[in-house]
Amino acid sequence: MTVNGWLQILVFLVLIFAVTKPLGVFMARVFNRERTFLDQVARPIERLLYRATGVDENHEMRWTEYAVAMLMFSNVSMLLLYLIERVQQWLPWNPQKFGAVAQDLAFNTASSFTTNTNWQNYSGEAAMSYLTQMAGLAYHNFASAAVGIALAIAFVRGIARREKETIGNVWVDMTRATLWLLLPMCIVYALALVSQGVVQNLKPYDTVKLVEPQQVQKTGADGKPMVGQDGKPVMDTVTDQTIAQGPVASQEAIKMLGTNGGGFFNANSAHPFENPTPLSNYLQMLSIFVIPAGLTYTLGRMTGSQRHGWAVWAAMAFLFLAGVTTAYWAEARGNPLLKGADQRVSSSQSGGNMEGKEVRFGIADSALFATVTTDASCGAINSWHDSFTPLGGMVPLANIMLSETVFGGVGAGLYGILIYVVLAVFIAGLMVGRTPEYLGKKIEAYDVKMAMLVTLVFPLVILALTGISSVQSFGTSSINNPGPHGLTQILYAFTSMAGNNGSAFGGLNGNTLWYGTAGAMTMLVGRFFMIIPMLAIAGNLAKKKYVPPSPGTFPVTTPLFSVLLVGVILIVGALTFFPALSLGPILEHLLMSVGKTF
């Protein structure tokens, strides 16, 4: 670990802190329909969209209507993306002449991008046309992010309103999230990425001659390396290289700001055309956190308790620091199995465990990126998590297991942690023997039941499918490591999909009928089965009367509340998965420490 590394991490958190208030104020004004500096441009477009689609912007929805409209929109969008993938060979902007995407892969991808997961069982530059990338995948990056923000705002309204039956209008919330927030930010951000060297064009791929021919092992039709009758690898001489390109910057901007994570290229944010410089890397990490962090201030402003918003922010920041510190320490410590190798930091080497990491980013930025992207359910990666040390790799896995509560995805992070706020307030009420209250609303049995339903669905899906995949050949045949590391690969895959994160641990072939189909269903359950109970809580809270605080009311604006919230997240969230973690990364760490491996 170096001073420079720690400085980059601390500056990152300071910058997130600095942007939280101004962005949070802006979002509160947007969703309260107050005047903003973008109204002259965005408001006429908004009116035109409502007129064309027949939306009554003054119509308020109950939580059930809000949920049904959101589900119908997501369902139609998913079917549209599936259709685009299946017929892309007949559509324009396909200079590479890519064929139709296979049925199971198209279903998995459509589920993935609709749910803001962006799990990819394919290589983008070798499977998707430019039209599919833009009109299919990039569109869903905007739509799924707008849905997440709208749901978070609906939950906040449920907390803030008194004796109301409605929580807003989903069409208005999504439209304003797109026109006032996502589109303007992405235009500026995409231009900034282009200035750093991120590609943006519609040209066909270029083919260039290699300076020196390379010997590579041939692969068969099944994608596996070919071996001759003598047992030796069948080699081939490569003299040309294909340089993939396309409309990358525009997709990269919403990929990060919308906490989507699906890369234009298979190497994702480790690819020099997606993330070419240390500055672009830092901007990408900042862009993942800015909207989720700003929403905590929006929470405080819309509910009239700004200190509560900061208390939630503080709990998130503590969990973030705990995760990045552990990951940085584990990776900088190096690999004890490499005895005799010099892994110390020096003027000639970065030291630590550099396997699977880009030299231009190093240990600190790789650990920071891995922590940020899994805290925020983004899924973008600039290093290979499979190559992290066991404890270093456990940090991204544990982050996703916390259910998008550490800043989290756009919108999803806020309503995810508010579920734990409800549980924390309920537990505090049990401690003092009185009915729990949250910002003037009594937390009753219905609210707690819905909150527990959210927290139980998540581990149930992950652990059940991980268990099945760990004992059946259709699951174990996809891993390339035996023992605890192989279990971690399977566990990470289902955790990433259920948590709508989308990052891949690596080492697992997910493009099979089992993982493709089971993964698609996992992503749909992980998104929508957790949204519906959350909206039910919001609708129930909106109907309640305001109860003035009394001397026995547990304050939700103090450091003590932040500590309680962190404790509930760790106990309810993390400990659920502790047995699985013990058999995976923890066991692997113990074996590595004594110099053993499978």
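You'll find the structure just up there.
I will try to describe carefully the structure that is included in this document. Note that the structure is predicted; figures quoted are calculated from it, not measured. Along each chain, residues carry numbers from 1 onward, in the same order as the chain's sequence is written. It should be noted that, the model being predicted, local features are given only for residues of pLDDT at least 70 and side-chain atom pairs only at 80 or more, the latter also being counted only at that level, while totals for whole chains, interfaces and linings use all residues. Hydrogens and waters are ignored; side-chain quantities use all the structure's heavy atoms.

1. Describing the environment of Gly262
Our working definition: Secondary structure elements are taken from DSSP: a helix is a run of H or I of four residues or more, a strand is a run of E of two residues or more, and numbering for both begins at the N terminus. Three labels apply to residues, based on accessible area from a 1.4 Å probe with only protein chains included: buried if under 20% of the type maximum, exposed if over 50%, partly exposed otherwise in between. We call two residues contacting when some pair of their heavy atoms lies within 4.5 Å.
Here Gly262 lies in the loop between helix H8 (248-257) and helix H9 (278-303). Classification of Gly262 by relative accessible area gives buried; the value is 0%. Between the alpha carbons of Gly262 and Asn116 there is a distance of 9.1 Å; along the sequence they are 146 residues apart. If we skip the residues at most four places from it in the chain, Gly262 touches Phe113, Asn118, Gln120, Gln251, Lys255 and Asn268.

2. Here we look at the pattern of salt bridges
To keep things clear, this is the line we draw: In what follows, salt bridge is the name for a side-chain nitrogen of Lys or Arg lying within 4 Å of a carboxyl oxygen of Asp or Glu.
Within this structure, the stated rule accounts for 16 salt bridges. Ionic pairing is found between Glu34 and Arg29, a salt bridge with its closest N-O pair at 3.2 Å. According to the relative accessible area criterion, Arg29 is partly exposed, its value standing at 28%. A salt bridge links Arg161 to Glu60; its shortest N-O distance comes to 2.8 Å. In this pair, Arg161 sits in the loop between helix H6 (130-160) and helix H7 (170-196) while Glu60 sits in the loop between helix H2 (39-53) and helix H3 (63-86), placing the two residues 101 residues apart along the sequence. It is possible to trace a salt-bridge network through shared partners that takes in Arg33, Arg43, Glu46, Glu57 and Arg176.

3. A short note on unusual backbone geometry
For Asn116, which is not glycine, the phi dihedral falls at a positive 65°. Mapped onto the elements of the fold, Asn116 is located in the loop between helix H4 (103-114) and helix H5 (124-127). For Asn116, a relative accessible area of 4% translates into the label buried. Phi is positive for Glu163, close to 55°, though the residue is something other than glycine. Along the chain, the position of Glu163 falls in the loop between H6 and H7. Residue class for Glu163 comes out exposed when judged on its relative accessible area of 52%.

4. Here we look at helix H19 (residues 578-593)
Inclusion rule: Expected helix span is given by 1.5 Å per residue-to-residue step, counting one fewer step than there are residues. The angle between axes fitted to the seven-residue stretch ending at a residue and the seven-residue stretch beginning at it gives the bend at that residue.
In a regular helix each residue adds 1.5 Å, so 16 residues correspond to 22 Å; H19 covers only 20 Å between its end C-alpha atoms and thus falls short of that length. In the structure, H19 departs most strongly from a straight axis at Ile586, where the bend amounts to approximately 40°. Of the positions making up H19, those classed as buried are Ala580, Leu581, Gly584, Pro585, Glu588, His589 and Met592. For H19, the elements touching its buried residues are helix H10 (306-333), helix H12 (390-401), helix H14 (445-471) and helix H16 (483-498).

Such coordinate-based values are descriptive only and should not be taken to indicate function.
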